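Now for the letters of each chain:
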Amino acid sequence: MNKSAIAAAVAVAFAAPAFAQESAEKIQRVEITGSSIKQSAREAAGAVTTLTRADIERTGQTSALGVLTQIAAIDANINSATASSGSFATGSSGIELRNLGKVSTLILVNGQRIAPYGLADGAQENFTNLDAIAADSIERIEVLKDGASAIYGSDAIAGVVNLILRKDFVGARVKANVSQADHFRDQRTRSVSGIFGFGDLDQDGFNTYLAVEGRKSDGWSTGDLRDNGLIPAWHRLTPGRSTWDAKSTFSPAGNYLLGGKVVASPNCPADAIDPVDKACKWDQYYGAGQTTDNKRWAITSNTHFRIGSSIDANFEITAAGATTDYIVAPFATSNGSSTTSSNVWYNAIGAKQVGPYFYPKLPVGHPMNLMQNAAGQWVPGTAPVEYRARLMDTGDGFNFNKTDSEQSRFMLRLAGSLGDYDWKSAVGYSTSEATKATRAVSAVGYTDAIVKGTYKFGQQNDPALLESMFPVRTTAGKSKNYFMNGTISGEAFQLPAGPVGFAIGADIRRENYEMASSDNVLRGDLVGIAGLQVDDAQTQYSLFGEANAPLLKNLEMNLAVRADKSSNFDAHISPKLGLKFTPVDGLIFRATASGGFRAPNIVETGNGLGRSSFANNTIDPRRCPIATTLNNLVQNAAGATTADKQRANTFRNSDCLAGVPTFVTANPDLKPETSKTFTAGVFWEPIKGTWVSLDYYNIERKDEIGTRSPADVLRDEANLPAGQLTRVNNTAADNEFLALVQKYVPGNAVNFGGVGALGLLLNPYVNSGKTKTSGFDFAVENRGKIPNVGDYSIKVDGEYRKNYQTFDVGAGKYGPNYFGTYDLGSKLIVYVRPNLKVGAFDHGLTVRFLSSYTNSSEDSPNYCVEQKVAAENMAACDKVKPPKIVDYNVSYRGFKNVVLSGYINNLFDKDQSVKWRGGWSQTSLGLRTFGASASYQF
């Protein structure tokens, strides 16, 4: 593409202010997300879903993520409060449309991109962190549920979410909000905000405001949930969870594994001895954090001013920061695993596999290596022994997991008129930084301390020794985004049916991204820890154009096309065609066809050492069925102790919920992901104040950038190239499992047949995946007055998710439909929101309905049978039936300058649905929650 032409177009857009001083005042129109052409609100009816400030207030949500997930078509993809402590992008929140991932949903703030979060999720996905946006500064939200790459470029495959901040504010206002779950104080959120602004644009020529917001939410642990009696009895009956609350044998005084039996150390206090299995136990569940302690702050400032008589200018500053702390327990010997379990990971600097590594046993001669003689007396051991102990001097803040992040944007927007044409332009800079820090086990430091006896059990050890055993590891990332764009729009010429509107413009973006794990991770020093290193930049140039043409009096055509060229891929053209037919006033038929794309990002194509990671919850198709059978033999055996059931669950889960280490390298030859989207719908407003809409969508995405899913690779294991999948010798651990089974089922013949455990998967980035999805969006709204009562409104927002299939590379065909299964859940999602204003009171309800779905999935197509669920539980396992949830909100404006609001979420205190596969969620509790807020405007 001719870069000079693009530069010239941008220059024209930014030069426009110099010629616009004396232009006539432009016609007032509304700019709608999804088009660069200004239209009247009536012309754009039904094009986007809009949440006004009043709608946002009624949700009772105090975060951008919470507000957006009240829309049926939007799902949370990552949540800073509940994301796994092992994930790459801790401390962030993101959403997705159409289940196509957060990198295929474009997030805009005031119509412009912000720098992606400093830590790429999965060490691949660059996405917008919603926690960086102050919820109280949002004026409205517009959601375009249609492909929009022809307008916005990369990432707008599934749609666009535009968060529009307040433009002006005069006066001062303070607001406080608190919410807490019923009978569970740990689920609590507090927030305060304030805004101050002055200046009248018409009289003073400017308005400026500053908004500040702070928010704090508390985390909780499994122990907190257990102590409050929240985890139901059925949770224990689900596969692999029969011992979910069993205390740990990794206790402060410790246990020995002698002859396959866990035996309490002679130092164990009497009150720590389990009365049934006599093992020395410790309650680890107060360190089993399920959600995070989270603190956030955000600042928004906008100065709205005029240059001359007709140039409208806005200088915007936004900044935000967050600290996310996970609740973690002290370290245990062998990091809570077994000395017979192998560990494999990757040395990125040396480009080689590390391991198999086995945690050390206490050697002969170690002062803690003890055994019992025939008389039951404790004597020095004559062979290496596995000692299971909790290292209490690594608690009380020594072991930690924390993420700090900051994000900011500075932007100048100009808009005005040049003759009969409107123009707008923006220039800005945004950045995002994040650092995750925690501790991990040093293979050398830990082994030396245990084998040489320099670590002293049961006492406070030297901090320097602890540092050598469990050094701090970090992952730090930073993204920077420089941008400049401009658009000119207006009427090109007349057709018999009316004027042809047009818009042309250009966009230039420079993106820098760096992310690196600490050197001790990249060298492979730390046991089982994945890392990444990348540092690169790319520049993207774009030209775009759009036209609205009235072909007939009641038939309008919209055409859009955009050309994008980046330094890491060839020029890509994204077209879009739209038709709108209005046979009678109030009835609109509409359809669109468009092409979309997602450009390869810097992590996927840039310079660096690549990334290692873990594919969690992986089912090993060759070992999981055997492990499940063996586990069931123990769980159902008469007299099986809790400790033995716990060990059997652990063995089973290592094959059925496996964490598979993988190593991925960047690929500079990647092509963009591309998509084809078709929509068709109808909007009908039979009477004023009442309308209904129904829209069908169909999206096909191909050349998806990623690695083959572990399930896909494992199904094709027999045909993989040598070295792509490594299985490791697991004989020692398998023999322990088989000995445990033999203890209760003598003569058992079930075994693993020499099949090793999953080791390392080499899985480079490729263009290979394909996904297709389809469904229907529907909405209803009715507004009116009830005589002698007040104003009312009823809104219905829903989505029917018809089909979602991914392409199975190994099988060479599309797999089963994910909707209605464990993979993606409910097919039908409906929100009904009635609202009634009576005097100073404003009452509202939200009724949420989700359809049932099965526990089966692509990798486990007959889950309940495969897991050998007992006959009496088969009906409960067959379907997940989400409860119908009702939320209530009320606000009162009877006092001058004061607004008081109250919220009750889950008004009727409905329990979580019975989820036989997923178990009772310890992060999304669904408890009845009470909230209150108060604001005062000076």
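Residues numbered from 1 in each chain as written. Predicted model: local features only at pLDDT ≥ 70, side-chain atom pairs only at ≥ 80, totals over all residues. Heavy atoms only, no water.

Going by an unreviewed UniProt entry, the protein chain carries the name TonB-dependent receptor and comes from Pseudoduganella guangdongensis. The heading Sequence similarities (unreviewed entry) in the UniProt record of the protein chain holds the text "Belongs to the TonB-dependent receptor family." Its UniProt record gives the protein chain a comment under Subcellular location (unreviewed entry), which states: "Cell outer membrane". (UniProt positions renumbered as here; feature names shortened; annotations may be inferred.)

(A) Layout of the overall build of the protein chain. The number of helices and strands found in the protein chain is 17 helices and 42 strands. Computed over the C-alpha atoms, the radius of gyration of the protein chain is 30 Å, within 12% of the 30 Å expected from 2.2 N^0.38 for a compact globule of 938 residues. Counting only C-alpha atoms, the protein chain reaches 105 × 65 × 50 Å along its principal axes. The buried share of the protein chain, reckoned over its 938 residues, is 56%. For the protein chain, contacts bridging at least 24 residues in sequence account for 73% of all contacts bridging at least 6. Taken as a whole, the protein chain presents about 38,300 Å² of accessible surface, with 56% of it coming from carbon and sulfur. Charge centroids of the protein chain, computed over 93 positive and 91 negative side chains, lie 3 Å from each other. (Helix = DSSP H or I, 4+ residues; strand = E, 2+ residues; numbered from the N terminus. Rg over C-alpha atoms; globule rule 2.2 N^0.38 Å. Buried < 20%, exposed > 50% of the residue type's maximum accessible area, 1.4 Å probe, protein only. Contact = heavy atoms within 4.5 Å. Areas by Shrake-Rupley, 256 points an atom, 1.4 Å probe, with all protein chains shown as cover. Lys, Arg positive; Asp, Glu negative; His and termini not counted. Charge placed at Lys NZ, Arg CZ, Asp CG, Glu CD.)

(B) Geometry of the pattern of salt bridges. On inspection of all chains with the given rule, the structure shows 58 salt bridges. A single salt-bridge network, built from bridges that share partners, covers R53, E57, D136, R173 and K175. (Salt bridge = Lys/Arg side-chain N within 4 Å of Asp/Glu carboxyl O.)

(C) Up close: the state of the cysteines. A full pass over the atoms with the stated rule returns 3 disulfides. One disulfide in the model links C268 with C280; its S-S distance is 2.0 Å. When the S-S torsion is 85°, as for the bridge of C268 with C280, the disulfide is right-handed. Linking C268 in the loop between β11 (261-264) and β12 (293-307) with C280 in the loop between β11 and β12, this pair joins segments that are 12 residues apart in sequence. We note that C268, like C280, is buried. The side chain of C624 participates in a disulfide bridge whose partner is C656; the two sulfur atoms lie 2.1 Å from each other. When the S-S torsion is 110°, as for the bridge of C624 with C656, the disulfide is right-handed. (Disulfide = S-S within 2.5 Å.)

(D) Region of interest: helix α13 (residues 642-656). Given a rise of 1.5 Å per residue, 15 residues ought to cover 21 Å, and the 20 Å separating the end C-alpha atoms of α13 matches this to within 8%. Extensive coverage of α13 is indicated by the burial of 11 of its 15 residues. All of the buried residues in α13 are A643, D644, Q646, R647, A648, N649, F651, R652, N653, D655 and C656. (Expected span 1.5 Å × (residues − 1).)

(E) Representation of the nonpolar core within the structure. Residues L68, L130, I141, V161 and L163 are the most contacted members of the largest nonpolar core, which totals 30 residues. When residues of this core are traced back to their parent elements, those giving at least two are α3 (64-68), β3 (94-97), β4 (105-109), β5 (138-144), β6 (159-165) and β30 (690-706). Considering every element that reaches this core, the biggest residue donor is α3, with 4 residues. Apart from the residues within four sequence positions on either side, L163 is in contact with L68, I107, L108, V109, N110, L130, I133, I138, R140 and I141. One finds L370, Y387, A449 and M469 within the second-largest nonpolar core, a separate group that totals 26 residues. (Core = buried A, V, L, I, M, F, W, Y, C linked by side-chain atoms within 4.5 Å.)

(F) Main features of unusual backbone geometry. For the bond from G355 to P356, the omega torsion is 5°, close enough to zero to count as cis. Relative to the helices and strands, P356 resides in strand β15 (residues 352-357). Located in the positive-phi region is D396, a residue other than glycine, with phi close to 55°. Counting through the fold element by element, D396 comes out in the loop between β18 (386-388) and β19 (401-418).

(G) Inspection of the environment of A272 at higher detail. Locating A272 in the fold gives a position in the loop between β11 and β12. On the basis of relative accessible area, A272 is assigned to the buried category, the value being 17%. Taking the C-alpha atoms as reference, A272 lies 54 Å from T605; in sequence the two are 333 residues apart.

(H) A look at the side chain of S935. By the element assignment, S935 lies in strand β42 (residues 929-937). On the basis of relative accessible area, S935 is assigned to the buried category, the value being 12%. Sequence-distant contacts of S935, that is, excluding residues within four places in its chain, are made with R173, V174, K175, N897, V898 and V899.

(I) Fine view of the packing of helix α12 (residues 624-635) against helix α15 (residues 731-744). Running from N to C, α12 and α15 cross one another at 35°; their axes reach a closest spacing of 9 Å. In terms of crossing hand, the pair formed by α12 and α15 is left-handed. Listed contacts from α15 to A627, L630, N631, L633 and V634 of α12 are F737, L738, L740 and V741. (Axes fitted to C-alpha atoms, helices over the stretch in contact; angles between N-to-C directions. Left-handed = near helix turned anticlockwise from the far one by under 90°.)

(J) Local environment of the sheet that holds β4. Across the sheet, 4 strands lie side by side as β1-β5-β6-β4; this open sheet has mixed pairing. In the strand order of this sheet, the two ends are held by β1 (49-51) and β4, each with one partner. Along the sheet, successive strands turn relative to each other by an average axial angle of 15°, direction set aside. Bridging between β1 and β5 involves 3 bridges; their strand directions are antiparallel. (Pairing = 2+ DSSP bridges.)

(K) Spotlight on the sheet that holds β11. Pairing is antiparallel across the open sheet formed by 3 strands, whose spatial order is β11-β10-β18. Single-partner strands in this sheet number two, and they are β11 and β18. On average, adjacent strands in this sheet sit at an angle of 35° to one another, irrespective of strand direction. Here 3 bridges tie strand β10 (residues 255-258) to β18, and the two strands are oriented antiparallel to one another. Directly across from Y256, in β18, lies its bridge partner Y387.

(L) How the structure looks around the packing of aromatic side chains. All chains considered together, the criterion is met by 27 aromatic pairs. Ring geometry for Y421 against F502: centres 5.6 Å apart, planes inclined by 70°, an arrangement best described as edge-to-face. Of this pair, Y421 sits in strand β20 (residues 421-439) while F502 sits in strand β22 (residues 498-517), and the two are 81 residues apart along the sequence. Accessibility expressed as a relative area gives 33% for Y421, which makes it partly exposed. Taking the relative accessible area as the measure of exposure, F502 reaches 18% and is therefore buried. Ring geometry for Y429 and Y482: centres 4.9 Å apart, planes at 40°, overall tilted. Here the residue Y429 occupies a position in strand β20, and Y482 occupies one in strand β21 (residues 472-495), the gap between them amounting to 53 residues. Among the aromatic side chains, those forming a connected cluster through ring pairs are F331, W345, Y357, Y359, Y446 and F470. Here the basic side chain of R98 rests over the ring of Y697, its NZ or CZ set 3.6 Å away from the ring centre. Positioned above the aromatic ring of F807 is the side chain of K770, whose terminal nitrogen or guanidinium carbon lies 4.3 Å from the ring centre. (Phe/Tyr/Trp six-rings, centres within 6.5 Å; stacked < 30°, edge-to-face > 60°. Lys NZ or Arg CZ within 6 Å of the ring centre and 35° of its normal.)

(M) Spatial organisation of empty space enclosed by the protein. Counted according to the given criterion, the structure contains 11 cavities of 30 Å³ or more. As a volume, the second largest cavity reaches approximately 440 Å³. In this structure, the second largest cavity is lined by 27 residues; those nearest its centre are R113, P116, N126, D155 and E511. For the lining of the second largest cavity, the secondary structure elements donating two or more residues are β4, β21, β22 and β23 (532-552). Looking at the lining of the second largest cavity, the element that brings in the most residues is β22, giving 4 residues. Tallied by class, residues from the lining of the second largest cavity come to 10 nonpolar, 10 polar and 7 charged. (1 Å grid on protein atoms, 1.4 Å probe; cavity = no way out; pocket = protein on both sides within 12 Å on 5 of 7 lines; lining within 4 Å. Points joined across faces, edges and corners; volume = space filled by probe spheres on them. Nonpolar A, V, L, I, M, F, W, Y, C, P; charged D, E, K, R; others polar.)

(N) Main features of the packing of α13 against α15. Orientation of α13 relative to α15, taken along the N-to-C sense of each, is 140°, at an axis distance of 11 Å. In this view, α13 runs oblique relative to α15, as classed from their interaxial angle. Of the two possible hands of crossing, α13 and α15 adopt the one that is left-handed. In this structure, α13 uses D644, R647, A648, F651 and R652 to contact α15, whose residues at the interface are A733, E736, F737, L740, K743 and Y744. For the contact of α13 with α15, the class distribution of residues is 6 nonpolar, no polar and 5 charged. (Parallel < 35°, antiparallel > 145°, perpendicular 65-115°, else oblique.)

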